[in-house]
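Commentary on secondary and tertiary structure
Spelled out, the chains give:
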Amino acid sequence: GAVVSQHPSWVICKSGTSVKIECRSLDFQATTMFWYRQFPKQSLMLMATSNEGSKATYEQGVEKDKFLINHASLTLSTLTVTSAHPEDSSFYICSAREHGPSQPQHFGDGTRLSIL
Amino acid sequence: DAKTTQPPSMDCAEGRAANLPCNHSTISGNEYVYWYRQIHSQGPQYIIHGLKNNETNEMASLIITEDRKSSTLILPHATLRDTAVYYCIVRVLGNTDKLIFGTGTRLQVFP
């Protein structure tokens, strides 16, 4: 089945640093990938839609300059949390959709980000 | 966007069938119903999806009512590893094909 790999799975860093998270579709090409964040005991919240070769589309309330998304190839999208602060600590999850109008999205295992 | 309503929690005995309901009364004719589950601290796992007809795969069965206003996910023989939060999602069709997650149903399978 379709596999989405996310790296790193866990990162701890100091306040003010930038953190890059990678999302790869391992056995299929994905023109569109999605980034979510999830706080404890809450549901997933869509942050942005990442489109290969073009700018990402951000959901309302998500800061574009804070969460930089790059989708440079059909198998890789990256999310960079810039100048991270403790309130950015969360579980970040990506997904990618197989080609076809009704094909499901497949999710990575998530990245747990802790900002000290 | 079509919204879904699910019970917040359910219990099921191991080995029994788990029937998880979902209400999506405002669903459009060309919107699919998707089911995912999330085991603690992992990414969501795709289970099954359907449009009108009932669907079955190696994981579960999906029963969609004739008017499409509700559906039921059936895990035929629940195991302890099926304990998770189950999300019923109506796919927003369009350029982005976003999935909007609700609060889901927390299924607890007990021995």
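Read on for a plain summary of the structure. Because the structure is a prediction, the values reported are computed rather than measured.

**Side note on the overall build of chain A**
Counting secondary structure elements, chain A contains zero helices and eleven strands. Moving toward the C terminus, one meets the helices and strands of chain A in the order β-β-β-β-β-β-β-β-β-β-β. The C-alpha radius of gyration computed for chain A amounts to 13 Å, which stays within 12% of the reference 13 Å derived for 116 residues, consistent with globular compactness. If you line up chain A on its principal axes, its C-alpha atoms span 40 × 25 × 20 Å. The long-range fraction of contacts in chain A, counting pairs at least 24 apart against all pairs at least 6 apart in sequence, stands at 54%. Of the roughly 5,800 Å² of accessible surface on chain A, a fraction of 52% belongs to carbon and sulfur atoms. Across chain A, 10 positive and 10 negative side-chain charges occur, with their mean positions spaced 5 Å apart.

**Things to note about the state of the cysteines**
All chains considered together, the criterion is met by two disulfides over all chains. One disulfide in the model links A:Cys23 with A:Cys94; its S-S distance is 2.0 Å. On the S-S bond that ties A:Cys23 to A:Cys94, the torsion sits near 80 degrees, and the link is right-handed. Highlighted residues: A:Cys23 in strand β3 (residues 19-25) and A:Cys94 in strand β9 (residues 90-97), separated in sequence by 71 residues. With no disulfide of its own, A:Cys13 lies 18 Å from the sulfur of A:Cys94, the closest cysteine sulfur. On the accessibility criterion, A:Cys13 (13% relative accessible area) is buried. As a non-bridged cysteine, B:Cys12 has B:Cys22 as the owner of its nearest cysteine sulfur, 18 Å distant. A relative accessible area of 5% places B:Cys12 in the buried class.

**A closer look at the sheet that holds β3(A)**
Residues and elements named next belong to chain A. Strand order in the open sheet formed by four strands is β1-β3-β8-β7, with antiparallel pairing between adjacent strands. Bordering the open sheet on either side are β1 (4-7) and β7 (67-73), each of which pairs with just one other strand. Sheet twist, expressed as the mean angle between neighbouring strand axes with direction ignored, is 15 degrees. Bridge count between β1 and β3: four bridges; the pairing is antiparallel. From the neighbouring strand, histidine 7 faces β3, where its bridge partner is glutamate 22.

Reading the values: rules and limits
In this numbering scheme, every chain counts its residues from 1 along its sequence in written order. For naming, the first written chain is A and the first written ligand is 1, with later ones following in the order written. Only residues with pLDDT of at least 70 get local features here, since the model is predicted, and only at 80 or more are side-chain atom pairs given and counted; chain-wide, interface and lining totals rely on the full set of residues. Heavy atoms throughout the structure, all of them, feed into the side-chain values; hydrogens and water do not. Secondary structure follows DSSP: runs of H or I at least 4 residues long count as helices, runs of E at least 2 residues long count as strands, and numbering of each begins at the N terminus. Note on method: radius of gyration uses C-alpha positions; expected globular size equals 2.2 Å times residues raised to 0.38. We call two residues in contact when some of their heavy atoms are within 4.5 Å. For the area figures, the Shrake-Rupley method with a 1.4 Å probe applies, and any residue is considered shielded solely by the protein chains shown. Counting rule for charge: Lys and Arg are taken as positive, Asp and Glu as negative, and neither His nor the chain ends is counted. In plain terms, the charge of a residue is placed at NZ if it is Lys, CZ if Arg, CG if Asp and CD if Glu. Cysteine sulfur atoms are paired as a disulfide whenever they fall within 2.5 Å. For every residue, the accessible area obtained with a 1.4 Å probe (protein chains only) is divided by the maximum for its type, and the residue is called buried under 20%, exposed over 50%, and partly exposed between those limits. For two strands to be treated as a pair, DSSP must find no fewer than two bridges joining them. Every axis in this analysis is a line fitted to C-alpha atoms, fitted for helices over the stretch in contact. Angles between the N-to-C directions lie between 0 and 180 degrees.

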